[in-house]
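Single-letter residue listing:
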Amino acid sequence: MRTTKPALLLSLMIAVLQGAIACGQENDSRLDKELEAGLNKQINEEMFSSYLYLSMAAYFESANLPGFANWMRVQTQEETRHAMMFFDYVNRRNGRVLLTEIEAPQVKWKSPLDAFTAAYEHEKHISSRIRSLVKHARGQSDDSTDNFLQWFVAEQVEEEDSTYKIVQQLKLVGDDRAALFLIDRELAMRVLPPNPAPAAP
Ligand SMILES: [Fe+2]
Ligand SMILES: [Fe+2]
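Now for a look at the structure at hand. (Residues numbered from 1 in each chain as written. Chains lettered and ligands numbered in written order. Predicted model: local features only at pLDDT ≥ 70, side-chain atom pairs only at ≥ 80, totals over all residues.)

Overview of the overall build of the protein chain
Which entries qualify depends on this criterion: Helix and strand labels come from DSSP, where a helix needs a run of H or I of at least four residues and a strand needs a run of E of at least two; each type is numbered from the N terminus. Throughout, a residue-residue contact means that the two C-beta atoms, derived from backbone geometry, are no farther apart than 7 Å.
Secondary structure assignment for the protein chain yields six helices and zero strands. Counting from the amino terminus, helix and strand elements in the protein chain follow one another as α-α-α-α-α-α. Sequence separation of at least 24 residues holds for 79% of the intrachain contacts in the protein chain that already meet a minimum separation of 6.

A word on the environment of Glu34
Put simply, the rule is: Exposure classification rests on a simple neighbour count of other C-beta atoms within 10 Å of a residue's own: a residue reaching 20 or more is buried, one at 12 or fewer is exposed, and one in between is partly exposed. C-beta atoms are placed from the backbone.
Note on placement: Glu34 falls in helix α2 (residues 33-62). Residue classification places Glu34 among the exposed residues on the basis of 11 C-beta atoms within 10 Å. Along the backbone, Glu34 and Ala137 are 103 residues apart, and their C-alpha atoms lie at a distance of 9.9 Å.

What to know about helix α6 (residues 177-187)
Convention followed: The directions from the helix axis to the C-beta atoms are what the arc is built from.
Regarding α6, the residues found buried are Leu180, Ile183, Asp184 and Leu187. Around the axis of α6, the buried residues are gathered within 105° of arc, so they sit on the same side. Opposite the packed face of α6, turned more than 90 degrees from it, sit the exposed residues Ala178 and Arg185.

Comments concerning the nonpolar core
Let me state the cut-off plainly: Only buried Ala, Val, Leu, Ile, Met, Phe, Trp, Tyr and Cys residues enter a nonpolar core, and they are joined through C-beta atoms within 7 Å.
Counting residues in hydrophobic clusters, the biggest one holds 21 residues, and the most contacted among them are Met56, Ala57, Phe60, Phe68, Ala69, Met72 and Phe116. Going through the elements one at a time, α2, α3 (66-92), α4 (112-139), α5 (143-173) and α6 are the ones with two or more residues in this core. Sorting elements by how many residues they give to this core places α2 first, with six residues. In contact with Phe60, other than residues within four places in its own chain, are Leu65, Phe68, Ala69 and Met72. Of all hydrophobic cores here, the second largest spans 14 residues; its members include Leu39, Met47, Leu133 and Phe148.

Brief notes about unusual backbone geometry
Glycine aside, a negative phi is what most residues show, and trans is what most peptide bonds show. Not every positive phi belongs to a glycine, and Asn64 is a case in point at roughly 60°. Tracing the chain through its elements places Asn64 in the loop between α2 and α3. Given 9 C-beta atoms within a 10 Å radius, Asn64 is considered exposed. The phi dihedral of Asn94 falls on the positive side, at around 60°, and the residue is not glycine. For Asn94, the position within the fold is in the loop between α3 and α4.

Considering the packing of α3 against α6
So the rule is basically this: An axis is simply a line fitted to the C-alpha atoms; with a helix, the fit covers only the stretch in contact. Between two such axes, the angle follows the N-to-C directions and lies from 0 to 180 degrees. By definition, turning the near helix anticlockwise from the far helix through less than a right angle yields a left-handed crossing, and turning it clockwise yields a right-handed one. Under this grouping Gly is polar, as are all residues other than the nonpolar Ala, Val, Leu, Ile, Met, Phe, Trp, Tyr, Cys and Pro and the charged Asp, Glu, Lys and Arg.
Axis separation between α3 and α6 bottoms out at 7 Å; the angle between their running directions is 35°. Remark: the crossing between α3 and α6 carries left-handed chirality. From α3, Gly67, Phe68, Asn70 and Trp71 reach across to α6, where they touch Asp184, Arg185, Glu186 and Leu187. For the contact of α3 with α6, the residue count by class is three nonpolar, two polar and three charged.

Structure (C-alpha cells):
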C-alpha cells in the first residue's frame, strides 16, 4: 500500500500537467485579443445599424410612406442577422462575446432623400469597418476570420448599391409627389429573403 501512494500522486500530477497542456492548446485556437475586440465592436455596429433603420422605419411610418417603412423594416432584420453572424463566429472561435450599449439613433430626417442619404453614408461607414477588420485579420495571418469577413465584403457592395440607387431615384423625382408614391409602391414589395445569410465557416 505504502509503495502505491507515491505512484498515485505522480500519476495525478502527470494528469494535471497534461490537462494544463491541453488547455494551452485550446487557447492557441483562440482569436487574437484585439481582433476579438474588433469583432465584438462589429456586433455593436450591426445592432446599431438595425436600430438606425428601425428608427428610419418609424420616420417613414409617420410620413405616411408605408413602402419606405417596409424597406427599412426588412433592412433592420438583415442587420440583426449580420450581428448574429458575428456573434456565432466569435463563439465558434472560442472567443467571448461581450455586448455593449447601443447608441441612440437619429429619430428625424428632413425628407426621404435625407434619410436614404444617411443610410448610404452609414453603409459606407460599415464598409470601412469591415475593411479594417480584414486588414487586421490578414495582419494576424488569421485565414479563417479573413474568409468569414469576405461574405461581408460582398454584402457591403450590395448594401451600398441598393441605398445609392434609391438616393438617385429620390433625386430624380425631386418634389414630384406622384413619383414618390410610385417609389413607395415599389419599396413595399421588398421581403426578407427566406434563406438566412450563410453560416460562418
Ligand atoms: Fe450589416
Ligand atoms: Fe447594412
